[in-house]
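Listed below, chain by chain, are the residues.
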Amino acid sequence: MSANPSFFTVIFLSSNTFMKHILLTCCIWLAALSGLFAQLTPPVTTEVVPYDQPKEYEIGGVRIVGAQYADANTLIAIAGFRVGDKIRVPGPNIPKAMNALWNLKLFTDVQINRERTQGDLIFLEIVVKELPRYTRHTFVGVKKNQHEDLNGIINKYLQKGAILTENTKVALENAMEQHYIDKGYLDSKVEIRQFPDERGVNATRLEFDVNRNKRVKIKDIQFVGNNNTKDRVLRKKMKETVRKRRLFKKSKFVRSEFKGDLEKLEAYYNTLGFRDARVVKDTVWRQDKSKGRLFGKGKKEKGLVMIRVDINEGSRYFFRNIAWKGNTIYETKFLDQVLGIKRGDVYNQELLQNRLQFSQDGRDISSLYLDNGYLFFRVDPVEAAIDNDSIDLELRIYEGPLATIDRVVIKGNDRTHEHVVRRELFTRPGDKFSRSDIIRSQRQIANLGYFNQETMDINTPVNPERGTVDIEYTLEEKPSDQLELSAGYQPATAFSQGGVIGTLGVTFNNFSLRNIKNREAWNPLPQGDGQRFSLRGQTAGDRYQSYNISFTEPWLGGKKPNSLTVAGVYNRFATGFPGSDTYGSLQITQGTVGFGTRLKVPDDNFIFRADLDLQTLNVNNFGQFIDDKGRVIRQGTFNNFNLTLNLARNTINDPIFPRSGSLFSLKVSLTPPYSLFKSADFYNSSDLQKVYRWVEYVKYRFDSEWYTQVVGKLTLKAQAKIGILSRWSKKTPLTPFERYNLGGNGLNNQFFGVNAREIISMRGYDESYITNRFPGGAAVFDKFTVELRYPISLNPQSTIFVLAFAQGGNAWGRVQDFNPFDMRRSAGLGMRVFLPMFGTLGFDYGFGFDKPELAGTKKLTNYAEFNIILGFEPD
C-alpha cells in the first residue's frame, strides 16, 4: 500500500439535493488536492523483512547516537556487536543486545536500527536516550539547622553528576522518612520533585519536600505478667520510651530505643533474682484516630502510640554456696569480705559482676589484683549447681604473673613539654602495674587544663612473654590561655560608685619563663612549661582602678610538686566628687609570696599551702571601716601583715565541668599577736590610726564541694562555705578590716578583695542586703548550695551547661550570734559558658525568699536578682 492515499471515500445519506451538490463538489476538490500532493511528495518505502525468511549479514559498522556521558565503545561491547561478526536479521542478536543495554539502567529509551545495507554488509545504529544527571537540590519545609543531617543522607545515595534512577529516589525518600521516624516523627512524609536544571545538559534538580508532622507521643505502656513488680517501677526503668505524662522527658517512640529499654527491663529483673526473666512479646499500635480523646477546646489528640509488653518473670533465685578456686595471693575469707555476697542473698548478676570486675567505690576483686600488679588476672564465675531456687557459685581465679611497666609513652602534646605531663603521672617505668594509678594519672592530666578530656585515650599494650606492659597516653591540646577585654556598667552600691568600667587582662596558663629569650618559642609568648603568668588592669577613671600581676611555678626545682607564687596588687577607690567635702579615697597596695606542696599523708590528694602577705591601706576620708565599738576610721595608713595556711584535699575529676570527686579546704589567716605586748588601754585610744596601724586578727575559712552524676550527664553539686573573723585577745576590738559582705555576684572579690573586705556571692540578694545590719561588715557567714547541672556542650572550645540552684546563707556581726539554722533562702536558674580565651561567662537569675519588707507583695520580680558572671566563678 502507498504511504500517501490517492483517494477518499465518503458515504453519506441525505434527502436534501442542495447538500448533495455541495458535498459532491468538496469531494472532487479533495481528490484533486490529494493527487497533487502525491505528485509533489516522493513515496516513502519501508522494506519489510519477512520473519519467516531471515537473512544473514556481516556487521560492517556500528554507530551510537544520543550518548552524552556513556562511552560509545563500551556500549557497543556490551551490546555484543563487533565489525566482521555474522548476524542474522531477524534473529536473537538484536533482542539480546537491547536487553543488555536496558539492564545497565542508564537509559529511558533504547533502539537498534538498520542504518543501511550494502550487499551482505549491514550497518547498525544504536539510539539511546540517557537518564538525567543529578546536579543540585533544595529543601522545602525544613529548617536550616536540619540541612546538614539531610545532606549527609543524600550523599550516601547520590553524588553530583550521578545518574538519577527511580530506585535511588525511592531509597532517598525512605531514608529521610526513617531519619525522622527515629526521632519520633512517625507520620513524616518526604516527596521528591524533579525539575530540569538549566545549568547543564540533561541535568536535573531535585526538590525535597519534607513534612515531618508532629512528634507522635506514647499514650500508655501496659505490662502483662509482672506479678512481682509494679507497672510504675517498670516504666521508670524504661529511660527512653516514656509516656507523655512524664516530666522533663520528651515522649516519643523510637524502635531502636524501645528495644534497648526492653533489655533494661530484663536486666532489672535479673537484679531482683529473676535470672530467667524475659520479654516474650511486645505489641505496638496506634490509637484509632476517630476515637481521639478531647482536650481543651474540643481539640482531639489523635494517633497516639500504645505499647503492651508481655513478661515471663520465671522463678526467683538466691545465692547458696560460694567457693573460690585458684586464689593464692589473698585468703578466701578476705575475698568473701570484699565480695560482700552472703548465703541467702537474692541472686543479682549485675551486683556479682560489679563486685568481681569493677565497682565505682573500688570494692571489687579485680581492683585488689590489678592495683597490685596482677595485670593478667582473670576471674570466671561458674554456676556449679542449681537446686530449686538456690544457686551454687564457683569463682575460678587465674592470678597470673606480676606485670611491670616497661615504657610510658605520651603522644599529642604539641605545645606542652613532655616533662610537664610526665611529672603529673603516677605510672613510671619499672613500677608494678596499677589500675588505680592510671585512673589517678588521667585525673591529674585533666586538672592541668591543657588537654581535651573527652578525647583523652589510654592504651596498655601487653608483652606476656616478658611480663611487661606499656602505657600510652594519647592527648589532644586545647587552648588554655585567657583574654579578658570588656566594658560594662556597675551600679552604685554601699561600697563602690557606679559607672562604666573597662577591663583588660591576659592569663597564660602554660607559660615558660626559661624560654623567654628563645624567640622561636613565642606564640604569642613562650609556652609549654606549665607556669602561670597573668596581667590585669581595670579602671573607671578616678573612681576606681585595679592592677595586678602574678606568676606561679607549680614545680619549683622540677623534681617535686612544690609550687611558688609571687603576686602584686594595687587597688584604688574614690567616693564623692573631687574637691567636695564628701570626696574620699582608699588605696591598697599588696604583695604576696606563696609556697605549696603535695602531701603523702594521709594520702597524696592532700595539698598544703602557705602564703605570706603584706598589705598597706591608705585611707583618706573613706568612712566605710567601723570597728565593733562603732568608731569610724576616716584617715590613716594601716598595715596588714598576715600568714595564711591552707590544707586541702582535691579529688575533682575535671576543673571545668566536674562530674565526680570532692574538694575540702580548711584555711587559717593570722597576723602576729601584737596585743600580747600592749595594754588594754592602748586599744581604747581615740587615735584609730595608732590603734590599727598594724592590723590584728585570726580568720578561719572552711570550704567543701562534692559532685556526683545523678542520671546520665545530669550532675549534682553540693557546696558549703563558712567564714569566721576572730581576734587574738579579748582586750582588742574586732578589726574593722577583713570583714565579710554576703550577697550579689562576688565580682568585687576577684583579686584579693578590692576594699579590704571579702565579698561572698549570694544569689537572689544584692551585695548589701544581708550585711546592711552591720555597717562595718559581718564577722561570720555561712552559705550552703545545691545545684543540678546539665551540660549542653562539653566541647573544650566552648563548654556550656545550664543549672538550677537552691541556696541558703546568712551573716552575723559577732561569733556568738552564729546560728546555722537561721538562713536567707533563694532558688533560681543559671547558665555557664567556658571559653578558653575568656574564662567562665554566664548569668544567674535567683529569687530571694526571705525579704520581710516585701511581705504581701505579689509581684514575683521584686524578689529576683540578676547576676552576671565574667571571667571566673564567684566565691
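Residues numbered from 1 in each chain as written. Predicted model: local features only at pLDDT ≥ 70, side-chain atom pairs only at ≥ 80, totals over all residues. Heavy atoms only, no water.

Novice: What is the right way to read the confidence of the model for the protein from this model?
Specialist: Low pLDDT marks regions whose predicted coordinates should not be analysed in detail. Averaged over the protein, the pLDDT score is 85; the fraction of residues at 70 or greater is 89%. In the predicted structure, residues 290-301 sits below a pLDDT of 50 and forms 14 contacts with residues beyond four places in sequence or in another chain. Low pLDDT, under 50, characterises residues 749-754; the predicted model gives this stretch 21 contacts beyond four residues in sequence or across chains. (pLDDT = per-residue confidence, 0-100. Contact = heavy atoms within 4.5 Å.)

Novice: When you look at the sheet that holds strand β8 (residues 218-224) in this model, what are you seeing that I'm missing?
Specialist: Strand pairing in a sheet is mediated by backbone hydrogen bonds. Such pairs are either parallel or antiparallel. Pairing is mixed across the open sheet formed by 3 strands, whose spatial order is β8-β12-β9. Of all the strands in the sheet, the pair left with one neighbour each is β8 and β9 (278-286). Neighbour-to-neighbour, the strand axes of the sheet open up by a mean angle of 15°, direction not taken into account. Relative to strand β12 (residues 305-312), β8 runs parallel, the two being bridged by 6 bridges. Residue Ile218 lies in a different strand from β12, and its bridge partner there is Val305. (Pairing = 2+ DSSP bridges. Helix = DSSP H or I, 4+ residues; strand = E, 2+ residues; numbered from the N terminus. Axes fitted to C-alpha atoms, helices over the stretch in contact; angles between N-to-C directions.)

Novice: In this structure, what is going on with empty space enclosed by the protein? I would like to understand it.
Specialist: In this approach, a probe sized like a water molecule rolls over the atoms, and the result shows the empty space that is left. The final tally for this structure, using the stated rule, is 4 cavities of 30 Å³ or more. Of the voids in this model, the second largest cavity is the one considered here, and its volume is about 140 Å³. As for the second largest cavity, its lining consists of 16 residues, of which Gln453, Lys478, Asp654, Ile656 and Leu794 are closest to the centre. Here the lining of the second largest cavity is composed, by residue class, of 7 nonpolar, 5 polar and 4 charged. (1 Å grid on protein atoms, 1.4 Å probe; cavity = no way out; pocket = protein on both sides within 12 Å on 5 of 7 lines; lining within 4 Å. Points joined across faces, edges and corners; volume = space filled by probe spheres on them. Nonpolar A, V, L, I, M, F, W, Y, C, P; charged D, E, K, R; others polar.)

Novice: Please explain the pairing of strand β28 (residues 661-670) as it appears in this structure.
Specialist: Here is the key point about a regular strand: its side chains alternate between the two faces of the sheet. Examined bridge by bridge, strand β27 (residues 632-650) and β28 share 8 bridges and lie antiparallel to one another. Looking across to β28, one finds that Arg649 is bridged to Phe664. One ladder, built from 10 bridges, connects β28 with strand β29 (residues 698-711); its direction is antiparallel. The residue of β29 that forms the bridge with Leu666 is Phe702.

Novice: Can you walk me through the packing of helix α4 (residues 147-157) against helix α5 (residues 166-181) in this structure?
Specialist: Between two packed helices, what matters for the description is the angle formed by their axes and the separation of those axes. As a packed pair, α4 and α5 sit with axes 10 Å apart at the nearest point and diverge in direction by 145°. For the pair α4 and α5, the sense of crossing is right-handed. The segment α4 lies against α5, with Asp149, Leu150, Ile153, Ile154 and Tyr157 engaging Thr168, Ala171, Leu172, Ala175, Met176, His179 and Tyr180. Broken down by class, the residue content of the contact of α4 with α5 amounts to 9 nonpolar, 2 polar and 1 charged. (Left-handed = near helix turned anticlockwise from the far one by under 90°.)

Novice: Whenever I open this one, the nonpolar core confuses me. Can you help?
Specialist: One recurring pattern in soluble globular proteins is that nonpolar side chains are buried together. Ranked by internal contacts, the top residues of the largest apolar core, which has 37 residues, are Leu586, Phe625 and Phe737. For this core, the secondary structure elements donating two or more residues are β25 (584-598), β26 (606-626), β27, α13 (688-691), β31 (739-742), β33 (780-793) and β34 (799-812). One finds Leu375, Ala403, Ala446 and Tyr450 within the second-largest nonpolar core, a separate group that totals 22 residues. (Core = buried A, V, L, I, M, F, W, Y, C linked by side-chain atoms within 4.5 Å. Buried < 20%, exposed > 50% of the residue type's maximum accessible area, 1.4 Å probe, protein only.)

Novice: Quick question: what am I supposed to make of the sheet that holds strand β15 (residues 390-398) here?
Specialist: The sheet built from 3 strands is open, its strands ordered β13-β15-β14 with mixed pairing. With partners counted over all chains shown, the strands left at the sheet margins are β13 (318-325) and β14 (378-387), one partner each. Direction aside, neighbouring strands of the sheet carry axes that sit 25° apart on average. Here β14 pairs with β15 via 9 bridges, running antiparallel. Residue pairing in the sheet places Val379 in a bridge with Ile397 of β15. Each of β13 and β15 is contacted by helix α8 (residues 332-339), which is oriented at about 140° to β13, the strand it contacts most. Contacting β13, β14 and β15, helix α9 (residues 349-356) crosses the sheet at an angle of about 150° to β14.

Novice: Looking at this model, I keep getting lost on a nonpolar patch on the surface. Mind explaining?
Specialist: A cluster of nonpolar side chains, namely Phe843, Tyr845, Phe866, Ile868 and Leu870, defines an oily patch on the protein surface of about 410 Å² accessible area. Tracing the sequence through the fold places Phe843 in strand β36 (residues 839-848). (Patch = residues over 30% accessible without salt bridge, like charges linked within 9 Å, V, L, I, M, F, W, Y side chains within 5 Å. Areas by Shrake-Rupley, 256 points an atom, 1.4 Å probe, with all protein chains shown as cover. Salt bridge = Lys/Arg side-chain N within 4 Å of Asp/Glu carboxyl O.)

Novice: Just to check I follow, could you spell out the packing of aromatic side chains for this structure?
Specialist: For any pair of aromatic rings, the description rests on two quantities: the centre-to-centre distance and the angle between the ring planes. According to the stated counting rule, one finds 27 aromatic pairs in the structure shown. On the basis of an interplanar angle of 45° and a centroid distance of 4.8 Å, the ring pair of Phe319 and Tyr347 is categorised as tilted. On the criterion of sequence distance, the pair formed by Phe319 in strand β13 and Tyr347 in the loop between α8 and α9 is long-range, its members being 28 residues apart. Comparing Phe319 with Tyr347 shows no difference in burial state: the two are buried. Taking 5.2 Å as the distance between ring centres and 85° as the angle between the ring planes, the aromatic pair formed by Tyr845 and Phe847 counts as edge-to-face. An aromatic cluster of at least three residues, connected via ring pairs, comprises Tyr330, Phe334, Tyr369, Tyr374 and Phe377. For Lys851, the ring lying beneath its charged end belongs to Tyr769, and the centroid distance is 5.8 Å. (Phe/Tyr/Trp six-rings, centres within 6.5 Å; stacked < 30°, edge-to-face > 60°. Lys NZ or Arg CZ within 6 Å of the ring centre and 35° of its normal.)

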